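# Topology and contacts: notes
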Amino acid sequence: MNQKAKMTRALKIQSERISAGIISAMMAGIMSVIVCATVATPGRAQTKPAHATEKVELAAIDKPFKDFTLRDLTAEKGSLSEKVSLASFRGQKAVVLIFMANRCGATWTYEPKIGKMLADYKDKPVAFMTVHSPYEESDKEIIGQFEQRNLTMPILDDKPTQSLASYASATVTPLFYIIDREGVLRYKGAFDKFSDENVPYVRPALDAILAGKLVAVKTSRALGCALTIRPKNTTK
């Protein structure tokens, strides 16, 4: 093979190597773009699941208490007073909600104190209401207890859905909530200190609210009977 043929062959081999290198680099670049696009493009894995749970709203001290409307078991059926709503008292009266249960000894231990409180505040701008949430109890039995014990106040029926108990995080009976005239929750807890009844909670809180003062003790631990939760997908 002469010198000219050797140079021609060497140039051809070098050209083929350069072409192969260019093609390899181009393929690597294409693969890199594909990978980057796959990672960077918003996909299904980056989106929020359609079944994401919503935040549950709960009552909180010094926050507005959500309005509710419940049936008063003591009112005549079909009457205008049968439905009781929190909003109807706004700007007029403070509201005391008392979660009570008929089949709870602790509830009736406080009955004399509750009765005296009703009498002492009857001429003041306060609305007292019982909330009846235990789903296994009947309307008749709680109404009968109130009549027997001469307790006169609305009995709000929360049994069908227990929505008020759930919103208020009511877990025991008796349990007291005080809402001021502007609809703000100012106290939640026991009537008084369980180990020392000379340490009251509800009355001082109520007196402070009526006087336009700050409530000193806003929460306390309530001891009583566990409020039973209705099984899901059931109504009374």
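Keep in mind it's a predicted model, so treat the numbers as computed, not measured.

### Re helix α4 (residues 139–148)
Taken together, the buried positions of α4 are Glu 141, Ile 142, Gln 145 and Phe 146. With its buried residues spanning 135° around the axis, α4 presents them on a single face. Opposite the buried face of α4, by more than 90 degrees, sit the exposed residues Lys 140, Glu 147 and Gln 148. The inward-facing, buried residues of α4 abut β3 (94–100), α2 (105–109), β4 (126–132) and β5 (155–157). After α4 finishes, the residue Asn 150 shows a positive phi value of roughly 55°.

### So, the environment of Ala 106
Within the secondary structure layout, Ala 106 lies in helix α2. Distance from Ala 106 to Cys 225, taken between C-alpha atoms, is 6.7 Å for residues 119 residues apart in sequence. Not counting residues up to four positions away in its chain, the partners in contact with Ala 106 are Thr 173, Pro 174, Gly 224 and Cys 225.

### Thoughts on unusual backbone geometry
Glycine aside, negative phi is the norm for most residues, and most peptide bonds take the trans geometry. In this structure, Pro 174 follows Thr 173 across a cis peptide bond, with omega equal to -5°. Structurally, Pro 174 can be placed in the loop between β6 (172–173) and β7 (175–179). Although it is not a glycine, Asn 150 adopts a positive phi angle of roughly 55°. Mapped onto the elements, Asn 150 comes out in the loop between α4 and β5.

### A word on the state of the cysteines
Considering all chains together, one arrives at 1 disulfide under this definition. Note on cysteine connectivity: Cys 104 is disulfide-linked to Cys 225, with sulfurs 2.2 Å apart. Between Cys 104 and Cys 225, the disulfide has an S-S torsion of 90° and is therefore right-handed. Pair noted here: Cys 104 is in the loop between β3 and α2 and Cys 225 is in strand β11 (residues 225–226), with a separation of 121 residues, a long-range link.

About the criteria used
Residues numbered from 1 in each chain as written. Predicted model: local features only at pLDDT ≥ 70, side-chain atom pairs only at ≥ 80, totals over all residues. Heavy atoms only, no water. Buried < 20%, exposed > 50% of the residue type's maximum accessible area, 1.4 Å probe, protein only. Helix = DSSP H or I, 4+ residues; strand = E, 2+ residues; numbered from the N terminus. Arc of directions from axis to C-beta. Contact = heavy atoms within 4.5 Å. Disulfide = S-S within 2.5 Å.

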